[in-house]
Amino acid sequence: MFVREAERRRIVDLAARGRSVRVVGPRWSGRSELLHAVEQRLREDGRDVYVVSAAAGIPDLEVLRFSLPPRVRCRLDGRELAFGAVYDLVNAHLAESPHVVLVDDADLLDEASRGVIALLHRQHRFPIVATALRGGGDHAVAWPAGTVEPVVEIGLPGLSPDRLHTLLVARAGGAVSSRLSARIHRDSAGIPGLGLAMLEGAIGHGAVRQVDGVWTGEDVWSPEMQGVYAAYLASHPAAVRDAVDLLAVGGAMSIPLALRALGADVLELLEQGELVRAVPAGADQLVVLHPPGLADVVERGGLTARRRRVLSEALARIADPRSILDEDSARLAGRLRERLQPGPDLPTPRRSARAQGEEFVGRLFSQHRALELTAAVRAWDRDKRVVHAARVLRLLLSGSGDPELAATVVRETDLGTDRDTFDYVELCAYRARCAVLRGATGGEAARELERAGAAGVRYRESLSSLAHVLRAELDGLDPSYEDVLAPRTAAPGHDGQTARVALAACRLIDGEHAAALDLLADRETWPALLRDSADLLVGLALHGIGRFADGLAHGRALALRARARLDGAAYVSGCVVVALCLGSRLELGAARRELFSVLSSGASALALVLPPDRAARVLLTSLSRFGGRQTVPVELLDLAGEDQGCGEALPFSSAPWIAAAEQYVGGDLDGLARTLDDLAERLRERGFRFAADATRLHRLVLRYDAEAAADFAGSADRLGGVLYRTYLEVKRALHDRDPDRLVAVAARLLELDVPAQALRCYVSAAAMYQAEGATAAAADARAAAHRLRSDDTASRTGELDLRLTGREREIARLVAQGESNIAIADRLFLSRRTVESHLRNIRRKTGAADRDAIARLEQGTAPADGWLAGT
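Everything in this summary refers to the structure shown in the same document.

## Observations regarding the overall build of the protein chain
(1) Moving on: Along the protein chain, the regular secondary structure elements total 44 helices and 11 strands.
(2) Moving on: For the protein chain, long-range pairs separated by at least 24 residues make up 70% of all intrachain contacts whose partners lie at least 6 apart in sequence.
(3) Moving on: Accessible surface computed for the protein chain: about 34,900 Å², of which carbon and sulfur atoms make up 50%.

## Comments concerning the pairing of strand β1 (residues 20–25)
A regular strand places its side chains on the two faces of the sheet in alternate fashion.
(1) Moving on: Where burial is concerned, most of β1 is hidden: six out of the six residues are buried.
(2) Moving on: Here β1 shows no split at all, with Ser20, Arg22 and Val24 on one side and Val21, Val23 and Gly25 on the other all buried.
(3) Moving on: With five bridges connecting them, β1 and strand β5 (residues 151–155) associate as parallel partners. Within the sheet, the bridge partner assigned to Val23 lies in β5 and is Ile154.
(4) Moving on: Note that β1 and strand β4 (residues 128–133) share five bridges and pair parallel. Pairing of Gly25 across the sheet is with Leu133, part of β4.

## Topic: unusual backbone geometry
Peptide bonds are trans in most cases, and residues, glycine excluded, mostly fall at negative phi.
(1) Moving on: Of note, the bond from His290 into Pro291 is cis; its omega dihedral lies within 30 degrees of zero at 0°.
(2) Moving on: Tracing the backbone shows Pro291 in the loop between β11 (284–289) and α15 (292–299).
(3) Moving on: Despite not being glycine, Asp418 has its phi angle at roughly 55°, a positive value.
(4) Moving on: Summarising the element assignment, Asp418 is placed in the loop between α20 (403–412) and α21 (422–437).
(5) Moving on: A positive phi angle, near 60°, is found at Leu586, a position not held by glycine.

## Description of the nonpolar core
(1) Moving on: Ranked by internal contacts, the top residues of the largest apolar core, which has 149 residues, are Leu393, Leu508, Leu610 and Leu749.
(2) Moving on: For this core, the element with the most residues is helix α29 (residues 568–584), which contributes 12 residues.
(3) Moving on: Once residues within four sequence positions are removed from consideration, Leu749 is found in contact with Leu723, Thr726, Tyr727, Val730, Val754, Gln757, Ala758 and Cys761.
(4) Moving on: Counting residues in hydrophobic clusters, the runner-up holds 55 residues, among them Leu159, Leu180, Leu275 and Ile318.

## So, helix α34 (residues 669–685)
One full turn of an α-helix is made of 3.6 residues, so residues set three or four places apart face in the same direction.
(1) Moving on: Spanning 17 residues, α34 covers 24 Å between terminal C-alpha atoms, matching the ideal 24 Å at 1.5 Å per step.
(2) Moving on: Every buried residue of α34 is listed here: Leu669, Gly671, Leu672, Ala673, Thr675, Leu676, Leu679, Ala680 and Leu683.
(3) Moving on: Of the residues flanking the end of α34, it is Gly687, one or two places downstream, whose phi is positive at about 85°.

## Overview of the sheet that holds strand β8 (residues 214–216)
(1) Moving on: Here three strands make up an open sheet; going across it, the order is β6-β8-β7 and the pairing mixed. Looking along the sheet, the strands with just one partner apiece sit at the ends: β6 (175–176) and β7 (209–211).
(2) Moving on: As defined by bridge partners, β7 adjoins β8 across three bridges and the pair is classed as antiparallel. Each bridged residue has a counterpart across the sheet, and for Gln210 the counterpart in β8 is Trp215.

## Details of the sheet that holds β5
(1) Moving on: One open sheet accounts for five strands, arranged β2-β3-β4-β1-β5; its pairing is parallel. In the strand order of this sheet, the two ends are held by β2 (48–53) and β5, each with one partner. On average, adjacent strands in this sheet sit at an angle of 15° to one another, irrespective of strand direction.
(2) Moving on: Sheet analysis places strand β3 (residues 99–104) next to β4, joined by three bridges and oriented parallel. If you follow Leu102 over to β4, its bridge partner there is Val129.

## Regarding helix α23 (residues 460–475)
(1) Moving on: The end-to-end C-alpha separation of α23 is 22 Å, in line with the 22 Å expected for 16 residues at 1.5 Å each.
(2) Moving on: Looking at the buried side of α23, the elements it contacts are α21, α22 (442–452), α24 (481–485), α25 (493–509) and α27 (528–544).
(3) Moving on: One or two residues past the end of α23 sits Gly476, with phi positive at roughly 125°.

## Side note on the packing of aromatic side chains
(1) Moving on: For the structure on display, the rule yields five aromatic pairs.
(2) Moving on: Taken together, a centroid distance of 5.5 Å and an interplanar angle of 35° make the contact between Phe548 and Tyr724 tilted. With Phe548 in helix α28 (residues 548–565) and Tyr724 in helix α37 (residues 721–736), the pair connects residues that are 176 residues apart, well separated along the chain.
(3) Moving on: The class of Phe548 is buried, set by a relative accessible area of 5%.
(4) Moving on: With a relative accessible area of 3%, Tyr724 lands in the buried category.
(5) Moving on: An aromatic cluster of at least three residues, connected via ring pairs, comprises Phe548, Tyr724 and Tyr727.
(6) Moving on: Cation over ring: Lys384 sits above Trp380, and NZ or CZ is 4.7 Å from the ring centre.

## Quick word on the packing of helix α19 (residues 386–397) against α20
Between two packed helices, both the angle of their axes relative to each other and the distance between the axes serve to describe the pair.
(1) Moving on: In the contact formed by α19 and α20, the axes pass within 10 Å of each other and the chain directions differ by 155°. Taken together, the axes of α19 and α20 lie roughly antiparallel to each other. Between α19 and α20 lies a crossing whose hand is left-handed. Of α20, the residues touching α19 (which contributes Ala389, Val392, Leu393 and Leu396) are Leu405, Ala406, Val409 and Val410.
(2) Moving on: Among the residues making up the contact of α19 with α20, the classes are represented as eight nonpolar, no polar and no charged.

## As for the packing of helix α35 (residues 689–702) against α37
(1) Moving on: Contact geometry of α35 with α37 gives a least axis separation of 9 Å together with a crossing angle of 30°. Accordingly, the angle class assigned to the pair α35 and α37 is roughly parallel. When you trace α35 past α37, the crossing you get is left-handed. Across the interface between the two elements, Leu697, His698, Leu700 and Val701 of α35 pack against Tyr724, Leu728 and Lys731 of α37.

## A closer look at the pattern of salt bridges
(1) Moving on: A complete count under the given rule lists 44 salt bridges for this structure.
(2) Moving on: A salt bridge links Arg17 to Asp13; the nearest nitrogen and oxygen atoms lie 3.1 Å apart.
(3) Moving on: Given a relative accessible area of 51%, Arg17 falls into the exposed group.
(4) Moving on: A relative accessible area of 39% means that Asp13 is categorised as partly exposed.
(5) Moving on: Ionic pairing is found between Arg523 and Asp535, a salt bridge with its closest N-O pair at 2.7 Å. With Arg523 in the loop between α26 (513–517) and α27 and Asp535 in helix α27, this pair connects stretches of sequence that are 12 residues apart.
(6) Moving on: Put simply, Asp242, Asp245, Arg306, Arg307, Arg309 and Glu313 are held in one network by salt bridges that share partners.

Reading the values: rules and limits
- Residues numbered from 1 in each chain as written.
- Predicted model: local features only at pLDDT ≥ 70, side-chain atom pairs only at ≥ 80, totals over all residues.
- Heavy atoms only, no water.
- Helix = DSSP H or I, 4+ residues; strand = E, 2+ residues; numbered from the N terminus.
- Contact = heavy atoms within 4.5 Å.
- Areas by Shrake-Rupley, 256 points an atom, 1.4 Å probe, with all protein chains shown as cover.
- Buried < 20%, exposed > 50% of the residue type's maximum accessible area, 1.4 Å probe, protein only.
- Pairing = 2+ DSSP bridges.
- Core = buried A, V, L, I, M, F, W, Y, C linked by side-chain atoms within 4.5 Å.
- Expected span 1.5 Å × (residues − 1).
- Axes fitted to C-alpha atoms, helices over the stretch in contact; angles between N-to-C directions.
- Phe/Tyr/Trp six-rings, centres within 6.5 Å; stacked < 30°, edge-to-face > 60°.
- Lys NZ or Arg CZ within 6 Å of the ring centre and 35° of its normal.
- Parallel < 35°, antiparallel > 145°, perpendicular 65-115°, else oblique.
- Left-handed = near helix turned anticlockwise from the far one by under 90°.
- Nonpolar A, V, L, I, M, F, W, Y, C, P; charged D, E, K, R; others polar.
- Salt bridge = Lys/Arg side-chain N within 4 Å of Asp/Glu carboxyl O.

Structure (C-alpha cells):
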C-alpha cells in the first residue's frame, strides 16, 4: 500500500478540477515519490503530463529542455538555448492537448524556467503540481504561489506509526516487530526516507536480524547509523552541521542559551531545516535536535579536530571570564569542558538506556534524561551509597533500562549505608522489581524485601507493606489484606504513608475504588516512590468509579508535570490513565494515540507500585484490533505478549485479551465470549476483581447475552458508574431490537456527554422503526440524528470561534476554501508575512498541525470513534 495514498488522492482530485498544488515537506519526506505516484495516477486517468525535474547546477532553461520528450527535444539540438526558443518548443508541446505540469524540487528551479512556465500557464491555464522543501520565505521557495492562483498547499509531516510500519514491512519484505518499528519511528520522527535508511543500515550491519520470520533487534542505533545521519545532514551548510554537533554534545538548551551558544542566524537555519524543535520543560522552552535519534548518533562521534574547534568556540562564547555564568550556562560549559578533556572511564549506561533528547506527547524525553542518568552513575561510582544507587535504579526502571548496569549496582552497593533513610526502602523496592525482571516470582521478590528489613533498619514496616502489595500484584490478593495493612495506616511518617499506598493498591485490585481513593489525599510531600505511585492509583481509581472527566484531567495533568520533571514513570502513568478514560468514552483512536506515545517513548513505570506497563501494551494491541487495524496490531502481538515485569492485577494486563481481539477481527464472537469469560473467572479466583469486572463488562459490550448480563448486574455497580450501565442498556436494546429503549438511552447518553454514541443509537433506532413500518417514529429518530450531527458541527465551529480572533476566523475560512497565503493576503489587503503569523497563531491555539487540519476544524469534520452500536 502506498503510504501517502490520501495525499495522492487529494492532489489528483485538485488537479482534475484545475487547481494547482504546492507540496512541501522536509528532506527525505517522500515528496518525489508522491509526485511520481501522482503522475502514474494522472496517466492512468488519461491525462497528459509534463514532468519537470529541477536540479541544482543545471544552467538556465536546460532543465526544461531535458524534461521534454526526446522527439520534441531534438528540435533544439544544435540551436542556441534561448528563452524564446525554449518557450516556443514547450508551448508547441503543451498545445497538443491539455496537460498537468508536475515540477519536482521547485525550490531548485532556475528563474528563467519559472518564467517560461508562468507565461505558458497564463496562456493555457494548466494546473501545476510542484514539490519543494519546507521553510524559507523568498519567491523561489514559495513558487508557484504568486505566479499561479489559486494554489493549495499540502504539507507532508512525518508518517504516523501505522503508516511508517507499513512502509518498513514493505521494504523489509517481511514482518517487522512492533518494538523495532516504534523505535525507528521515534528516532526518525516518522520521516519516511530516514526511517527506511535506518532499517536498511541496521539490516546491512547486522544490528537487526530475522527471527522466526520477523525482523527484530534492539541495537538499531549502533555506530553504523553514523553514515545514515551523515547523509541526512550532507546537504546542509557547514555552520548547520557544526551546530548539530554542539547540540548533540551539549544537550537540550533553553532558547536564550541556544541564542548565545549558536547565534540567531544559525538557530534560524536549524529551524528552517527542521533540525530542531522547541519542547516545553516547566515554564521554559528547550531547543532539542530533531529528528530525535539525531542527537544520540551524532553525540557518539569521536573528538575530531572539527568537533574540538566547534566545542571550543562555543565554550568561548558562553563562558566569558568577565561575567558570572547563570546556572544553565555553567552546566553547559561544564559539559563542553568535560568533553574537551575527557576524564577516566566510569560505568555508563549502554545505548539502550540512554535518553534521546526528544519531544513529549509523542514527543517525549529530552537529553536531560541521559545527563541525569550519567550524573547518577558517576555519583554512585564514587561511594556506592544507597542514596545514589536508588537514584540509578529508579532511572533505569523509568526507561529502557540496562540489565547489566542494574545488576552491577545491585551487586556492588554498600547496603550498610543510609539504612535509616527512606532511600533504603526505595532501593530495596527497585531491587525487588529488578529481580522480577530477571525471572523471580512475586513470593521470592517479596521475601527478599522482607529480609531487607533486618534489625537496625528504620522503616522495616514500610518494607513489609511493599512486600504485601508485590505479592498481591504478582501472585494474587490475600483476602486478609485489610487486617494486615489497615492498622499500619495510623503509623506516623513514612511507615503510615507506605501502608496507605499499599492498602490503596490492594483495594484497587479488589475493585474497591472509592475506598482506595480515600487513602491518597495530601500526598504532595511524600517520598517520590510513594507520591508518584499514589498519583497513578488516584487516576486508576477515578476511572474505576466512573469519574472519567476527572480521571482525564488528572491523567493529563500528570503527563504535563512529567514534562517539567522529565520523569518517564509519571509520563507513562499519565498517558495510561488518559487512555483508559478515553477508551471508556469509546474514543478509541484518541486512546490508542496516547498508548502509542508510551510505546514510542521507551519510558516505563516499573519504578512504581502496581506499574501499568503490561496493561499499556496489551490495551494498545486490543484497541488497534477492535478499531479494525490490520497491519501494526498483528506485529504488536510479540510485544504485548512479552513479560513486562509486572502482573495481571490491572485491567488489560492478560495475554488472552490478544486472542480475544484476534477472534473479534475474525468474526468469532462466540469464541471471544468464551475466551473473556474464562479469563474473568481466572482473574476473579486470584482476587483481581478490578481486572475481572473490566473483562466481564467489555465482554458484554463486544458480545452481549442476557444471561451473562444478568449475572454481571451486581458488579456493574462497582465499576464504571452510570456510563457503563448505560452502555449495557444500549447493548440490551440492540439485542432485543427495542427501538423505544434505544431512543431513551440515546437521551441519557447525551446527558452523559457522549454524543457520538447517542447519534448511533438514533440511527439504529430509525432503522428498526423503519423495518417495523413505524415510519413516523423512524422519521423522528432520523431527525434527532440529523439535529445531533448539525449540533456537533455547530459546536465545533462555536468552539473555534471562542478560541480565535475575528481575523483568524476569517483566514481559517479561506484556508478551508483552498486559498493560498498569497491569495489570502491579496483578498484581505494584508502582507504575506502577516497571514503566515495569523496561521501560526491558529495552529498554536487549536493544535492543528497543518492547513488540512485547520480546514477540518473550520468545517467541523473531525472524525469520531465508536463501535458501541455495532454488532
